[in-house]
Amino acid sequence: MKPAFSVIFLTTLIGAGQGLFLAYYSAEWLVMLNMLQPAGSDYTTLAASISFLLLVAGLLASFFHLGHPERAWRAAAMWRTSWLSREVIALPAAMATVFAYAVIRYFGLDLQVLTLGRIPVSLSTLVGFMAMLAIIALFVCTAMIYASLKFLRQWHSPLTVLNFFLMGMASGFTLATVLAVATSAGPFGYFSAMAVFLTLAALMSRLFSLSRNLNLRSPSTLQSAIGVHHPTIRQMAQGAMGGSFNTRAFMHTYGAGVVRLGRRFFLISGFVLPLLLLFFSEADSLLVCAAALLLQFLGLLAERWYFFIEAEHPQNVYYQMIS
Amino acid sequence: MAAKPALKREVKSTTCYMCACRCGINVTVEDGEVRFIQGNPEHPINKGVLCAKGASGIMKQYSPARLSKPLRRKAGAERGTSEFEEISWEEAFTTISERLQQIRDTDPRKFAFYTGRDQMQALTGLFAKQFGTPNYAAHGGFCSVNMAAGMIYTIGGSFWEFGGPDLERSRLFIMFGTAEDHHSNPMKIELAKFKRNGGKFIAVNPVRSGYAAIADEWVPIKPGTDGALLLAIIHEMIALGLYDRDFLLHYTNSPDLVNADADSDDFGLFLRSDKEIKESCIDPDNKMWWDRHRDTAVQAHAEGADARLMGEFETEQGCKVKPAFQLLKERVEQYTPEWAEGITGISAQTIRRLAHEMGITARDETIELPIPWTDAWGREHESITGNPVSFHAMRGLAAHSNGFQTVRALGILMTILGTIDRPGGFRHKAPFPRPIPPCAKPPRSPDAVQPGAPLEGMPLGFPASPEDLFVDDEGGPVRLDKGFSWEYPLSVHGLMHNAITNAWRGDPYPIDTLLLFMSNMAWNSSMNTSGVRDMLVDKNDDGEYKIPFLVVCDAFHSETIAFADIVLPDTSYLERHDAMSMLDRPISDFEGPIDSVRVPVVPPLGDCRPFQDVLVELATRLKLPRFLNPDGTRKFKDYKDLVINYETEPGSGIGFLAGWRGKGGEKFMRGEPNPNQWEMYAKNNCVYEHKLPRSYQYMRNWNRGYLHWAQDHGLIRYTDPVNLHLYSEVLQRFRLAAEGKSAGRQPPDYLRERVRTHFDPLPFYSEPLETQAIDKDMYPLNAITQRPMAMYHSWDSQNAWLRQIHAHNYLFVSPLVGAQQGFGDGDWIWVESAHGRVRCMCRFSEAVEPGTVWTWNAIGKASGAWGLEAGANESKKGFLLNHLISEEIPAAAGEHRYSNSDPITGQAAWYDLRVRVYKADAHEPQETSPQFATQARVPGMEPARGKWQAFVRGLSK
Amino acid sequence: MTQLALVIDLNTCVGCHACVTSCKEWNTSGDAGPMVDRNPYGAEPTGTFFNRVQTFEVGEFPDTQTIHFPKSCLHCEDPPCVPVCPTGASYKRPEDGIVLVDYDKCIGCEYCSWACPYGAREIDEQQKVMKKCTLCVDRLYDESLPEAERKPVCVLSCPTSARIYGDIHDPESDASRAINAAGGYQLMPEWGTQPANHYLPRRKVSIAVHEEDLQRVDNPLRKEDRGQRAPTTRTTLDDSTSW
Ligand SMILES: Nc1nc2c(c(=O)[nH]1)N[C@H]1C(S)=C(S)[C@@H](COP(=O)(O)OP(=O)(O)OC[C@H]3O[C@@H](n4cnc5c(=O)[nH]c(N)nc54)[C@H](O)[C@@H]3O)O[C@H]1N2
Ligand SMILES: Nc1nc2c(c(=O)[nH]1)N[C@H]1C(S)=C(S)[C@@H](COP(=O)(O)OP(=O)(O)OC[C@H]3O[C@@H](n4cnc5c(=O)[nH]c(N)nc54)[C@H](O)[C@@H]3O)O[C@H]1N2
Ligand code: SF4
Ligand code: SF4
Ligand code: SF4
Ligand code: SF4
Ligand code: SF4
Ligand SMILES: [Mo]
């Protein structure tokens, strides 16, 4: 597939936003469960706001993908069948709940609403819980947009969902680590440890999907495409010599070298370097963490670019040659 | 989908002219703008279907490459630089008619008038004849004259407009060298039906594309060798007795006795009886047969006679004679399938099998229609029989210098199979069959050209003997293109492809004014295109152009208009009246004569004027007799008026259109002019169709009823049967002259051998002339072109839809060639002939005979032409093969230059081209070569359109 | 249930592209229009078409087949392009199975085109909505058209009748008959999309010639035999036996 840059930004930005929120929200629970030391000042408003802004930025990026953004509201209509439609619902839902969470925190409207066993649960925790659900749903919806296309075999796998989730989480925790360092608030240790763990997990899972994709062969061949069963078939003409939507939208034009470079880059920049930086820089140096974040984000952009490059659309067998 | 405002919507019938097939179309016009063009289901040619071009007519009509103003080359501007100024029609008329008047009054030969892919030779020919110039021809000479002449001189008709395969009833159909052809849609309709009915379709073609794609069998022949294949098939059929003896006996000259006495002055001529013959045009029935039972020579077609087809006999007078068929048998003895295998690249086994399939299908699947008829000798027949093997062929046979004899061989194969004008075989279309050869003759001497007077005789015709040549006392040509001279005696369509070279060289003489109509001679219809472009701008020492005045009538911004001194903007086909006339090439089908018209469906663009009106106006100003009343006043207001009122001779009742003649439209074929004729055509799908009675629809060469009907209706002059010329006495007459055996005209000495060799009364195989003249090892590959179905010559690159299908072209080569030369699929390569070289991209193909390379014809364009941007694919990646094809056979300096043409008919030998190919250097520019300076847009053209275009009726403006 | 469709006969399609341009011509000014062209007179001209004809070569010289292969939206019975559309702009009509796009709803997200394995959809680059073959739905039920013309325009224009239109669920339709008679098949069956459009394969006719056919008693060569056969001088059984 040809990389769709608006979609690359959409998925990476919201992924980080989603991960960030879950990082802080999970910390909140751990504190509540006494598994983590409460941190000093209240950082969650800031974190939720950044998470919210990332979701907004992603949404904005997605508009560039639409031919008719003014009609975007229509896109919620088909939630019964369309993962895209579901994403279009999940994203605002996530935004709304994250926003509400931030507002509650900011204005201190945080009354206790119920107790779970012996643990008191505040309004923000409840709203946060809803946000968490929305965010998880959003992860699933976003990933399923790709994973549900069954003839894009490289995408059509639970690994796509896992990857989207793990990468979003990893970048979110890395971002949380940076925030913790920057604001000197929040459980730095937890965040960085999780960031390392998630980055590692994401790397494993991505490597797994890379190796899976390496051996994937589309069942669609020229033979099945035109229904002629002969071992040698060559296309001579595709009916349009100056190109068509089909040659522009489904095929990338990068050379093999660029593609190889892209793959190495995203593996190193998105995973290996952040891992090393986060792991070995025990010191909570802002510079080191910020560098890890930047590298990881660039890497994940490249990963998403590669995600498109990797996917071989069966329609391409119809568009091989002109004459 | 919002409701649209109600529009004024009309559907108007007219005739398509995106190509020469002439399908009926219904044009939906909304508020004066074309919305949709659809095939007319009521039309006999296309029965409602269309082709890619026809359906893109809108984009032609609204093309930004349309010309809209008469133009004059700016004073002082160099020719070829496209510097024009707008002038009025009055200025254009005055300029041209003053010049032409001067020429006509002094030396009418100095005006040459050549027309390209038009369909109005009835009018253009009339104009030329009335003007008095011998220098007139249409595109036929560079197109397919071999096909026309080879067949007409053999069976009295030919393919395409003249006749075709009866696929409705055929069981086996063999197509030679056809990519698309003129009968585009009808062929496709019939071919599909034929295949659905289970017939077998064989394509003989070096390339498998187009029609050949759906053939059941592909016979990949080497170009230029079909003659060998056909002769070997004939060999096998005669050897096995797979010919239709009955048919040969009664309807061909096979049994006619030929003088076989090599010492006799009549050697090779038919033995003639003293039977009294009527005044008859060419082929009187006074030949002799050898009767099987009485073992003696008898009058041909004598009651009860049963002739021998084979053997050698001696007449009572002691003359050695042989039946013509015996001569054919002897001729083909050498042409064994094994011999042909080495030439054609087709295995002897395949050749035998093809012969067997044809012979057995023809013999065993005979059709018998319960239609009684009477033959020309008065014999009654209970039924019409037919042998269901049919053929079609076009330029793959025609466009070679050995094409005439190849086509003769095909005509003979069709004849011995007994398939002429019979069900399931070949069938004629009115006005064919015509006598062999037809009656029209070119003038016989330079005296036919006189200042201030019409040409005596027709500018084009069908010579039957050396006496019919248009030569001077020394045997030199009278025509600029040397047509009907000893160099190309049967050039029945002229040699347009040599007109510019000859005029430039002043051989046989220089001219003053050249008028080109609908012909892109500075590009795709010239051989040696780069050279021709130079000739058009070449000057004498005195600074005058070698071709002093060039008038071009075109509808589009073609390459040629850049070289014009005056440009006349023509209307589009949707803006004018046209007649597909009985006087030219009507659209008749097997069942009877049909003609048709075009009527305007939208008003002309800008100042465009129909060229027909322009010609009528010029003719009137020049006071050409047939355009004036006896009192010298103007006779025809315009073309529309001329079509109604013109008669071939005053009172003949024969005019341009056959339908609705007579005062009230009650007559057909013959009748007084009808003032409402156009309206009646317009009301009837623009078609007049006459269905002959069933008993006149077959065996027309010998069908008494039909022949009388045809005579009564002015199609033919005589009712003599048209026996098929298996053996051509016409050719033998030229040979005898060349051998110095006959009294009368003889060729100049330097041409004797050429005429003697090629005017063989029986077909023979010889290598194409170019191949004989060059080093074959140096140029090992044959290079040919073919028509893409979605593009018409050079016309359609201005069409926004069609050019997306063919934006540029590749040279298709076998991967074997690439491997040998070390280049890969898609690489830039050079293609080089003895004449020049072009750079292009290659594309590997498994559907081409490995010794052949080919490309789509005329996709490549000159930069800037056709209203295209300078960087358009057509000029940067597209290329024209014509740069490699010489218009003359390679010759040493000082040697006589012959046209690169068939020595019999002057047919341009486009497909004799031999080339070599090699990889282009990596650092060479990635664009085709040669490139030409970008041609400028001209006044009257729309400004260049932008990046986007969306045609929607009513919204596009 | 009705499922309208086209059946494309590869055995007769000569690759003329009539279906390509007649489709564009009808639709660009119709309900589906406009169908834009970019660089219409410049380098790399391109534009929106609902139907394209491609060419393939099968086999190696000299056993090569050249196949012209028209392709438009196949109106799948289980069209993957429809459920993915977030707006409902893409839909399959229950009454006749035609898959359509409602341009007023389409947001131009291109997702449906990703979901079509056949490359049958094309975004209109100027209007920014997704377009595809409509099966000429604006002709099929238009009572102002003569009955015979209530068909897709590509079907009407195809000179080789290689495009057969009809209801593939009606076993009596021309389309179903053609599929059954000639072994009609679907493209990329591996995806289970069940394209409604079918293709008819190449079919080859050959002629069997028997040796006996070449030597028959009515061979015309016999008529050319001259005179009697010379009597043979060798002894025969006839000379020596008697009983
Ligand atoms: N290499 C190679 N060259 C070939 C051939 C080949 O097979 N191979 N084929 C040859 C053959 S058979 C032919 S017939 C020629 C054809 O070659 P040409 O006779 O030159 O034909 P076209 O290129 O179709 O168009 C001639 C001109 O007619 C103009 N025209 C179109 N419509 C109109 C109209 O309505 N009115 C007027 N006045 N002008 C109009 C076009 O703009 C164009 O400039 O090419 C020959 N050239
Ligand atoms: N779409 C479209 N239709 C057209 C035209 C057009 O430009 N476009 N032009 C019209 C005109 S003017 C004409 S004259 C006709 C021409 O109609 P065709 O004669 O069908 O046209 P060509 O393209 O010249 O096709 C020649 C065919 O002969 C093959 N061939 C070449 N050499 C040989 C040979 O030696 N032996 C055999 N057996 N085959 C050979 C080529 O591969 C090619 O398939 O088409 C007319 N119809
Ligand atoms: S074949 Fe096509 S271009 Fe030619 S007349 Fe017919 S519809 Fe027009
Ligand atoms: S061919 Fe493609 S666009 Fe058409 S219905 Fe099937 S999946 Fe949808
Ligand atoms: S491009 Fe239009 S039709 Fe396609 S999925 Fe998006 S909204 Fe639906
Ligand atoms: S059915 Fe109509 S829209 Fe579809 S390809 Fe044919 S002409 Fe085009
Ligand atoms: S119109 Fe018919 S023959 Fe021509 S390309 Fe289309 S399907 Fe094939
Ligand atoms: Mo031609």
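Computed from a predicted structure; not experimentally measured. (Residues numbered from 1 in each chain as written. Chains lettered and ligands numbered in written order. Predicted model: local features only at pLDDT ≥ 70, side-chain atom pairs only at ≥ 80, totals over all residues. Heavy atoms only, no water.)

K.L.:
Break down the site of ligand 3 for me, with residues and values.
P.N.:
Near ligand 3 you find Cys16, Met18, Cys19, Cys21, Arg22, Cys23, Leu50, Cys51, Lys53, Gly54, Ser184 and Asn185 of chain B, and these make up its full shell. A per-class count over the shell around ligand 3 returns 7 nonpolar, 3 polar and 2 charged. (Near = heavy atom within 4 Å. Nonpolar A, V, L, I, M, F, W, Y, C, P; charged D, E, K, R; others polar.)

K.L.:
Please provide a residue-by-residue account of the interface of chain A and chain C, values included.
P.N.:
Between chain A and chain C, the contact holds 61 residues from the first and 55 residues from the second. Taking both partners together, chain A and chain C bury about 4500 Å²; carbon and sulfur atoms supply 60% of that area. Per-residue buried area on chain A facing chain C is highest for Phe151, Phe245 and Tyr318 of chain A; these three make up 15% of the total on that side. Linking chain A with chain C are 1 salt bridge, by the criterion used here. (Contact = heavy atoms within 4.5 Å. Buried area = accessible area lost by both parts, 1.4 Å probe. Salt bridge = Lys/Arg side-chain N within 4 Å of Asp/Glu carboxyl O.)

K.L.:
Quick one: what's the story with the site of ligand 1, residue by residue and with numbers?
P.N.:
Residue and element names in this part refer to chain B. Asn520, Ser525, Asp554, Ser794 and Trp795 are the nearest of the 31 residues found near ligand 1. Trp795 is positioned such that a nitrogen or oxygen atom in its side chain is 2.4 Å from an oxygen atom of ligand 1. In isolation ligand 1 offers 920 Å² of accessible surface; the protein chains occlude 99% of this area. Secondary structure elements with two or more residues in the shell around ligand 1: helix H4 (140–143) and strand E24 (549–554). Looking at the shell around ligand 1 residue by residue, the class counts come to 12 nonpolar, 13 polar and 6 charged. (Polar contact = N/O pair within 3.5 Å; in protein donor to acceptor, adjacent residues only side chain to side chain. Areas by Shrake-Rupley, 256 points an atom, 1.4 Å probe, with all protein chains shown as cover. Helix = DSSP H or I, 4+ residues; strand = E, 2+ residues; numbered from the N terminus.)

K.L.:
Pulling in residues and values, what's your account of the sheet that holds strand E4 (residues 51–58) of chain C?
P.N.:
What the 3 strands build is an open sheet, ordered E3(A)-E4(C)-E5(C); its pairing is antiparallel. Of all strands in the sheet, those bounded by a partner on one side alone are strand E3 (233–237) of chain A together with strand E5 (65–72) of chain C. This sheet shows a mean twist of 35° between the axes of neighbouring strands, independent of strand direction. The sheet contact formed by E4 of chain C and E5 of chain C spans 8 bridges and is antiparallel. Across the sheet, residue Gln54 of chain C finds its bridge partner in E5 of chain C, namely Phe69 of chain C. (Pairing = 2+ DSSP bridges. Axes fitted to C-alpha atoms, helices over the stretch in contact; angles between N-to-C directions.)

K.L.:
Give me the lowdown on the sheet that holds strand E7 (residues 136–137) of chain B, citing residues and values where you can.
P.N.:
Residues and elements named next belong to chain B. Pairing within the open sheet is mixed, and its 7 strands lie in the order E5-E4-E25-E24-E23-E6-E7. Only two strands of the sheet have a single partner each, and these edge strands are strand E5 (84–86) and E7. Where strand E4 (residues 71–73) meets E5, 3 bridges bridge the pair, whose relative direction is antiparallel. When the sheet's bridge partners are listed, Leu71 is paired in E5 with Glu86.

K.L.:
Tell me what's going on with the packing of aromatic side chains, and back it up with residues and numbers.
P.N.:
Counted by the stated rule, this structure contains 75 aromatic pairs over all chains. Judged by centre distance (5.2 Å) and plane angle (80°), the ring pair of Trp660 of chain B and Tyr688 of chain B falls under edge-to-face. Here Tyr688 of chain B lies in strand E28 (residues 687–689) and Trp660 of chain B lies in the loop between helix H18 (639–645) and helix H19 (677–683), a separation of 28 residues in the sequence. A single burial state applies to Trp660 of chain B and to Tyr688 of chain B, both of which are buried. By the ring-pair criterion, three or more aromatic residues cluster together here, those being Tyr146, Trp155, Phe164, Phe307 and Phe308 of chain A together with Tyr111 and Trp114 of chain C. Positioned above the aromatic ring of Trp26 of chain C is the side chain of Arg139 of chain C, whose terminal nitrogen or guanidinium carbon lies 4.4 Å from the ring centre. (Phe/Tyr/Trp six-rings, centres within 6.5 Å; stacked < 30°, edge-to-face > 60°. Buried < 20%, exposed > 50% of the residue type's maximum accessible area, 1.4 Å probe, protein only. Lys NZ or Arg CZ within 6 Å of the ring centre and 35° of its normal.)

K.L.:
Account for the domain arrangement of chain C, with residues named and values stated.
P.N.:
Domain boundaries in chain C define domain 1 (4–200) and domain 2 (216–243). Distance between the C-alpha centres of domain 1 of chain C and domain 2 of chain C: 71 Å. (Domains from an automatic or database assignment.)

K.L.:
Before we move on, can you summarise unusual backbone geometry with the specific residues and values?
P.N.:
Omega for the bond connecting Asp507 of chain B with Pro508 of chain B falls within 30 degrees of zero, at 10°, which places this linkage in the cis form. If you trace the backbone, Pro508 of chain B turns up in the loop between helix H15 (496–505) and strand E23 (513–517). Here Phe61 of chain C and Pro62 of chain C are connected by a cis peptide whose omega angle stands at 0°. Relative to the helices and strands, Pro62 of chain C resides in the loop between E4 and E5.

K.L.:
Give a description of the environment of Pro508 of chain B that names residues and reports values.
P.N.:
All names here are of chain B. The partly exposed category is assigned to Pro508, whose relative accessible area is 28%. For the pair Pro508 and His493, spaced 15 residues apart in sequence, the C-alpha separation works out to 19 Å. The contacts of Pro508, once residues within four sequence positions are left out, are Pro477, Arg479, Leu480 and Lys482.

K.L.:
Could you give me a rundown of helix H10 (residues 286–310) of chain A, with the residues and numbers involved?
P.N.:
For H10 of chain A, built from 25 residues, the straight-helix expectation of 36 Å at 1.5 Å per residue is met to within 8% by its first-to-last C-alpha distance of 35 Å. N-cap assignment for H10 of chain A: the residue whose side-chain oxygen lies 3.3 Å from the backbone N of Leu287 of chain A is Ser285 of chain A. (Expected span 1.5 Å × (residues − 1).)

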